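Secondary and tertiary structure notes
What follows is each chain in one-letter form.
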Amino acid sequence: MATGTIVSIIGTGITLLGFLLDNVPNSDAGKATLNFYIANDGAGDPPLSDAGGDLPDVRLWDETIEFLGIKADPGSCEEGAVTCTVDVSTEEAPTYTLFTANNDAICIAWTSITFPGPGQKYGWHPGNWARWCDDYGNGAGAWYYAQTVVPGLEDARDEVYCAWLDADGDVETTGFQVHWPEFNRFEENPAEPNDISYYCDNDPPMNFRTDQDPSSVIYWPTKKGKRDLFTPQSKAEKKRGLERQASRISKRFASSTDIVKSYWPKHSAAKLCDPNLHAAGKSFVSYEEKSFCYMPTKTLYPFCETVDSGACFADGNNTVVVKGAANARMAIPDLSHVKNSVIWGPDA
Ligand SMILES: *[C@@H]1O[C@H](CO)[C@@H](O)[C@H](O)[C@H]1NC(C)=O
């Protein structure tokens, strides 16, 4: 019965996206339940994940920043699984949640919480927010296309992203937090600020971490006047972390035997290759753009049929080739290890 409203961005503006939270598990008295939808499991070679990915540790606080509880090492979750849940014992309303990575990287497309009771339910799309804040210019989380069906975007698989979490350096996003009620704010208080800068420039509503094993939450000052438990990373620290992240993740994916090839017009190879953004994952073909993003160096190659000279991508045999004698000495990536094209699109 519970209807939630999340903030979403379709195109360039923020719009409201209503969705039913009926499919979110209920919670018994004495515990809060978190739910996860996973994408891109097993990506990378050697795989970023073995059989699955490690669900993150979960820490909960209430609105007065009283620490309510933690569930550490909750186990692993398979790609696409909708049954991955984590319970944390508490009787209170956990409005802030911090998710921190374990060693086996995982890409989370959606997460939700049910307060004890069963109480209030909220949902959040970490990958979409990582991507949107990246586009906005204050990105701080590694993302990739997900093509996973998640609540609120059932009819828009091409607009679903996932956010990477990892503790042992494959990806440097080590955690993210969410202040759940702010993703329902339009219902509760339409007068509150609702633009992208509010969410991407302020840390308490949500943020992505690159510090080692984060354990505290960044929160709005409370009426009780408690001190901040956490010194937010400076912008420079954040930037350094993200640069390290980009270089490490690309190494990890350099020997991937897969290329993802997408027919979705909204899946842009150019966006994945944009050096100012923080995409991470396998190399990618966009048929809409007729181009190939080689992710290890974030280099974009046009399809050979579209150019007369220079380095280009031959889609028929997954090779980068050089056209024109003048360009013969151009350095091009060796894709001879690529064995498999993973096809995405409306029919896949
Ligand atoms: C791959 O295809 C392109 C374009 O058809 C061709 O020029 C190139 O020689 C091919 N490479 C290999 C290794 O077959």
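Here the structure is shown first, and the text comes after it.
Note that the structure is predicted; figures quoted are calculated from it, not measured.

What the rule picks out here adds up to four disulfides. The side chain of Cys 304 participates in a disulfide bridge whose partner is Cys 312; the two sulfur atoms lie 2.1 Å from each other. Across the disulfide from Cys 304 to Cys 312, rotation about the S-S bond amounts to roughly 95 degrees, and the bridge is consequently right-handed. Look at Cys 312 and you get buried, because its relative accessible area is 0%.

A separate point is the site of the ligand. Neighbouring residues of the ligand: Ala 314, Asn 317 and Thr 319. In the complex, 32% of the free accessible area of the ligand, which totals 360 Å², lies under the protein chains.

On to the pattern of salt bridges, then. A complete count under the given rule lists seven salt bridges for this structure. The salt bridge involving Lys 266 is made with Glu 159; its shortest N-O contact spans 2.9 Å. Pair noted here: Lys 266 is in the loop between β16 (258-262) and α5 (269-273) and Glu 159 is in the loop between β12 (143-145) and β13 (161-165), with a separation of 107 residues, a long-range link. A relative accessible area of 14% places Glu 159 in the buried class. The salt bridge involving Asp 315 is made with Lys 261; its shortest N-O contact spans 2.9 Å. Placement of Asp 315 in the loop between β20 (310-314) and β21 (319-323) and of Lys 261 in strand β16 is noted, with a sequence separation of 54 residues between them. Accessibility expressed as a relative area gives 4% for Lys 261, which makes it buried.

One can find Gln 147 in the loop between β12 and β13. If we skip the residues at most four places from it in the chain, Gln 147 touches Arg 157, Val 160, Trp 264, Trp 344, Gly 345 and Ala 348. Within the structure, Gln 147 has its side chain in polar contact with the side chain of Trp 264 (distance 2.8 Å). In terms of polar contacts, Gln 147 uses its side chain to reach the backbone amide nitrogen of Gly 345, at 3.0 Å.

Where burial is concerned, most of helix α1 (residues 126-136) is hidden: nine out of the 11 residues are buried. Those residues of α1 lying buried are Pro 126, Gly 127, Asn 128, Trp 129, Ala 130, Arg 131, Trp 132, Cys 133 and Asp 134. Positive phi shows up at Gly 137, right after α1, with a value of about 115 degrees.

Applying the stated criterion across every chain yields a total of 27 aromatic pairs. Here Tyr 144 and Phe 284 contribute two aromatic rings whose centre-to-centre distance is 6.2 Å and whose plane-to-plane angle is 90 degrees, an arrangement assigned as edge-to-face. One end of the pair, Tyr 144, is in strand β12; the other, Phe 284, is in strand β17 (residues 284-286), with 140 residues separating them in the sequence. Measuring from ring centre to ring centre gives 6.5 Å for Phe 292 and Tyr 294, while their planes differ by 35 degrees; the resulting arrangement is tilted. In this structure, Phe 292 and Tyr 294 share a single accessibility class: buried. Ring pairs connect the aromatic residues Tyr 263, Tyr 287, Phe 292, Tyr 294, Tyr 301, Phe 303 and Phe 313, which therefore count as one cluster.

Going through the model one piece at a time under the given rule, you end up with three cavities of 30 Å³ or more. Here the second largest cavity defines a volume of roughly 60 Å³. Lining the second largest cavity are Phe 253, Ala 254, Ser 256, Asp 258, Ile 259, Lys 282, Ser 283, Tyr 294, Leu 335, His 337 and Val 338. Taken together, the residues that form the lining of the second largest cavity break down as six nonpolar, three polar and two charged.

Here Ser 268 shows up in the loop between β16 and α5. Discounting residues that sit within four places of it in the chain, Ser 268 has contacts with Tyr 145 and Glu 289.

Quick look at the sheet that holds strand β9 (residues 96-100) now. With respect to topology, five strands assemble into an open sheet ordered β6-β5-β9-β14-β15, the strand pairing being antiparallel. At either margin of the open sheet sits one strand with a lone partner, and together these are β6 (67-71) and β15 (206-209). Between one strand axis and the next, the sheet turns by 15 degrees as a mean value, whatever way the strands run. Two elements, β9 and strand β14 (residues 175-179), share five bridges in a ladder whose sense is antiparallel. Note on β14: the bridge partner recorded for Phe 99 is Phe 176. In the packing of α1 onto the sheet, the strands contacted are β14 and β15, and the crossing angle to β15 comes to about 85 degrees.

What follows covers the environment of Asp 315. A relative accessible area of 21% places Asp 315 in the partly exposed class. Between the C-alpha atom of Asp 315 and that of Cys 304, which follows or precedes it by 11 residues, the distance is 8.1 Å. If we skip the residues at most four places from it in the chain, Asp 315 touches Lys 261, Val 285, Tyr 287 and Phe 303. One polar contact links Asp 315 to Lys 261, side chain to side chain, over a distance of 2.9 Å.

Cut-offs and rules
- Residues numbered from 1 in each chain as written.
- Predicted model: local features only at pLDDT ≥ 70, side-chain atom pairs only at ≥ 80, totals over all residues.
- Heavy atoms only, no water.
- Disulfide = S-S within 2.5 Å.
- Buried < 20%, exposed > 50% of the residue type's maximum accessible area, 1.4 Å probe, protein only.
- Near = heavy atom within 4 Å.
- Areas by Shrake-Rupley, 256 points an atom, 1.4 Å probe, with all protein chains shown as cover.
- Salt bridge = Lys/Arg side-chain N within 4 Å of Asp/Glu carboxyl O.
- Helix = DSSP H or I, 4+ residues; strand = E, 2+ residues; numbered from the N terminus.
- Contact = heavy atoms within 4.5 Å.
- Polar contact = N/O pair within 3.5 Å; in protein donor to acceptor, adjacent residues only side chain to side chain.
- Phe/Tyr/Trp six-rings, centres within 6.5 Å; stacked < 30°, edge-to-face > 60°.
- 1 Å grid on protein atoms, 1.4 Å probe; cavity = no way out; pocket = protein on both sides within 12 Å on 5 of 7 lines; lining within 4 Å.
- Points joined across faces, edges and corners; volume = space filled by probe spheres on them.
- Nonpolar A, V, L, I, M, F, W, Y, C, P; charged D, E, K, R; others polar.
- Pairing = 2+ DSSP bridges.
- Axes fitted to C-alpha atoms, helices over the stretch in contact; angles between N-to-C directions.

Geometric values such as these leave the question of function open.
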